[in-house]
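Take a look at the letters that make up each chain.
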Amino acid sequence: MAKYSRQDILDLIEEEDIEFIRLQFTDINGNLKNIATTASQIDKILDGRCRFDCAAIDGFRGTGYEELFLVPDFDTFVIFPWRPQNGKVARFLCDVVKPDGTPFAGDSRYILKKVIAEAKEMGYVLDVGVKHEFFLFDLDENGEPTNHSSERGGYFDVGPIDSGENTRRDMVLYLEDMDIEVESSYHSDEAAQHVLEIAYQDALTMADSIMTTRLVAKTVAKRHGVHATFMPKPRKHLKGSGAHYAFSLSKDGKNIFSDCSDPKGISAEGYQFMAGILEHIANMSLVNNPIVNSYKRLIPGYMAPVTVGWSFTTNSPLIRLTSIGGDGARVVLRSPDGASNPYLVIAACLAAGLDGIKRGLQPMPSIEDRAETDLQQMTTLPRTLHEAVKLFRQDDFLQAVLERHISDHLIHTKDEEWNEYCKEVTMWEQKRYLGTI
């Protein structure tokens, strides 16, 4: 059921003294974009007649149209709690459509909605929870971000050791004002590293919430004089930051991954869903880990996953399967990071999981049940962005899910990104070779 009607929106704008409205959308790379207008344009906004120059957006240009249109999702209407209370600012998250009103293939929100519709046809609803890690770093004298902090906190520390607790507090309060439930927030393992755990929501709402969470985190951090970064590996010798996605499917309101007759409490569909993800997960790395820096996190020794496997008990597997807690059985994927586009991550995982159920796939033995020699032969995740592009290019299934527009864009632009990186001569190379060769 819809949360807001057109009349509800009109009434809220008048009652809350809203003067400015932002129409926000996400580009292919997972960057939040927006245009701003005034409340006087509300009829035009609600009719989906607000347009923008698509040539200005990477991945939207060259589509055969000069302009694309923004269609607001009424249920994403929310007031920014950090803006002035006189002449308030509100926002909609929007779908991107072509001039004829049909979906634009480069809109990642459309891709997720398409896969959600497929799940609905099968009688399923996907619920998602996310644990988002990030760093709060100091700004330099010019107000530019650094990758340093004087803070020395660790897991679950409190203030004053955790100097970010007040910043996190404001993030949580703002998110709750925007109808996003934060299940918990705490200091993570590394100095200046923090966690926001977003409570379970349906798949589309969660993707929207992740985009909002990143915006709120960066906005609040700046107001506190620090910089929030979701960069996967902002500094060497640190554990990186990931975005751990927990998935469960429900049917008629019941979590179908749960089965009390199974020794571990997992149903056949739960194992099959996980098997579908495992079959495509290495090829999916371009979606889950889309930048050069992503692969600086996915290395041995830093608790990030590096091999394709799953576990009930191991601390740092790629996938953790669990039935512990009030949410029932869940498939927890630990490889994605904060550089990824959440709409594409959830869409790819849901499509792969549904494929596993359709085909009755069975997962490989768990890490606990594999012999040591077998563990040494496990498939590894890509070690570089170049490898990730190559694997994605070979996966017709994933490319069909994301459709040609987005798939071709990812392959082309990420190849270019890797080539640009290869042209660089890093400080490491200079220190290692300049004086000895």
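Residues numbered from 1 in each chain as written. Predicted model: local features only at pLDDT ≥ 70, side-chain atom pairs only at ≥ 80, totals over all residues. Heavy atoms only, no water.

What follows concerns the overall build of the protein. Summing up its helical and strand segments, the protein has 13 helices and 15 strands in all. Here the protein has a C-alpha radius of gyration of 22 Å; the compact-globule value for 437 residues is 22 Å, and the two agree. In terms of principal-axis extent, the alpha carbons of the protein reach across some 70 × 60 × 50 Å. With 437 residues in all, the protein has 53% of them scored as buried. Taking the intrachain contacts of the protein between residues at least 6 apart in sequence as the baseline, contacts between residues at least 24 apart amount to 70%. For the protein, the exposed surface amounts to about 19,900 Å²; the carbon and sulfur share of it is 49%. (Helix = DSSP H or I, 4+ residues; strand = E, 2+ residues; numbered from the N terminus. Rg over C-alpha atoms; globule rule 2.2 N^0.38 Å. Buried < 20%, exposed > 50% of the residue type's maximum accessible area, 1.4 Å probe, protein only. Contact = heavy atoms within 4.5 Å. Areas by Shrake-Rupley, 256 points an atom, 1.4 Å probe, with all protein chains shown as cover.)

What follows is about the packing of aromatic side chains. Overall, the coordinates contain 20 aromatic pairs when judged by the stated rule. Chaining the aromatic ring pairs together yields one cluster made of Y4, F74, F77 and F92. The ring of Y302 carries K233 above its face, with NZ or CZ at 3.7 Å from the centroid. Residue placement shows K264 over the ring face of F312; its charged tip is 5.0 Å from the ring centre. (Phe/Tyr/Trp six-rings, centres within 6.5 Å; stacked < 30°, edge-to-face > 60°. Lys NZ or Arg CZ within 6 Å of the ring centre and 35° of its normal.)

Attention shifts here to the side chain of S294. Inspection of the secondary structure puts S294 in helix α8 (residues 294-297). For S294, a relative accessible area of 0% translates into the label buried. The residues touching S294, leaving out its near neighbours within four places in the chain, are P232, N289 and D337.

So, about unusual backbone geometry. With an omega of 5°, the peptide bond running from G159 to P160 counts as cis. Structurally, the position occupied by P160 is in the loop between β7 (125-138) and α4 (165-177). One non-glycine residue, D17, lies in positive phi territory at about 55°. Looking at where D17 falls in the secondary structure, it is placed in the loop between α1 (6-15) and β1 (18-26). Judged by its relative accessible area of 36%, D17 falls in the partly exposed class.

With respect to the helices, strands and loops of the structure, Y186 is situated in strand β8 (residues 182-187). You can call Y186 buried: its relative accessible area is 13%. Residues Y186 and I21 lie 165 residues apart in sequence; the distance between their C-alpha atoms is 32 Å. Aside from chain neighbours lying at most four places away, what touches Y186 is K131, F156, R168, H194, V195 and E197. A polar atom in the side chain of Y186 sits 3.5 Å from the side chain of E197. (Polar contact = N/O pair within 3.5 Å; in protein donor to acceptor, adjacent residues only side chain to side chain.)

What follows concerns the state of the cysteines. Inspection of every chain in the model, using the stated rule, returns zero disulfides. Considering cysteine sulfurs only, C50 is the nearest to C54, which forms no disulfide, with 15 Å between them. (Disulfide = S-S within 2.5 Å.)

Let us now look at the pairing of strand β14 (residues 319-322). The pairing of strand β13 (residues 310-311) with β14 spans two bridges and is parallel. Considered in β14, the bridge of W310 is made with I319. Summarising the sheet, β14 and strand β15 (residues 330-333) pair through four bridges and their orientation is antiparallel. Bridge pairing in β15 places R320 opposite V332. (Pairing = 2+ DSSP bridges.)

Together, E176, D177, E181, E183 and D327 make up a region of like negative charge exposed at the surface. Residue placement: E183 occurs in strand β8. (Patch = residues over 30% accessible without salt bridge, like charges linked within 9 Å, V, L, I, M, F, W, Y side chains within 5 Å. Salt bridge = Lys/Arg side-chain N within 4 Å of Asp/Glu carboxyl O. Lys, Arg positive; Asp, Glu negative; His and termini not counted. Charge placed at Lys NZ, Arg CZ, Asp CG, Glu CD.)

Within the largest apolar cluster, 116 residues are counted, with the highest numbers of intra-cluster contacts made by F60, F92, L249 and F273. It is helix α9 (residues 342-359) that contributes the most residues to this core, 12 residues altogether. (Core = buried A, V, L, I, M, F, W, Y, C linked by side-chain atoms within 4.5 Å.)

For Q272, the location among the structural elements is in helix α6 (residues 268-280). The buried category is assigned to Q272, whose relative accessible area is 13%. Those residues in contact with Q272 that sit more than four places away from it in its chain are G353, G356, I357, G360, L361 and Q362.

Within the secondary structure, S261 is located in the loop between β12 (254-255) and α6. C-alpha of S261 to C-alpha of K113: the two residues are 148 residues apart in sequence and 34 Å apart in space. At 2.6 Å, the side chain of S261 forms a polar contact with the side chain of D259.

Okay, the pattern of salt bridges next. All told, the structure shown has 23 salt bridges when counted by the stated rule. Close ionic contact of E16 with K88 constitutes a salt bridge, the shortest N to O distance being 2.6 Å. Here K88 lies in strand β6 (residues 88-97) and E16 lies in the loop between α1 and β1, a separation of 72 residues in the sequence. A residue is classified by how much of its surface remains accessible, and E16, at 27% relative accessible area, is partly exposed. Residue K88 is classed as buried on the basis of its relative accessible area of 11%. Across the pair R109 and D208 runs a salt bridge, and its minimum N-O distance is 2.8 Å. With R109 in helix α3 (residues 108-121) and D208 in helix α5 (residues 203-223), this pair connects stretches of sequence that are 99 residues apart. On the basis of relative accessibility, which here comes to 2%, the residue R109 falls in the buried class. For D208, a relative accessible area of 7% gives the class buried. Salt bridges linked by common partners bring D73, D95, R109, K113 and D208 together as one network.

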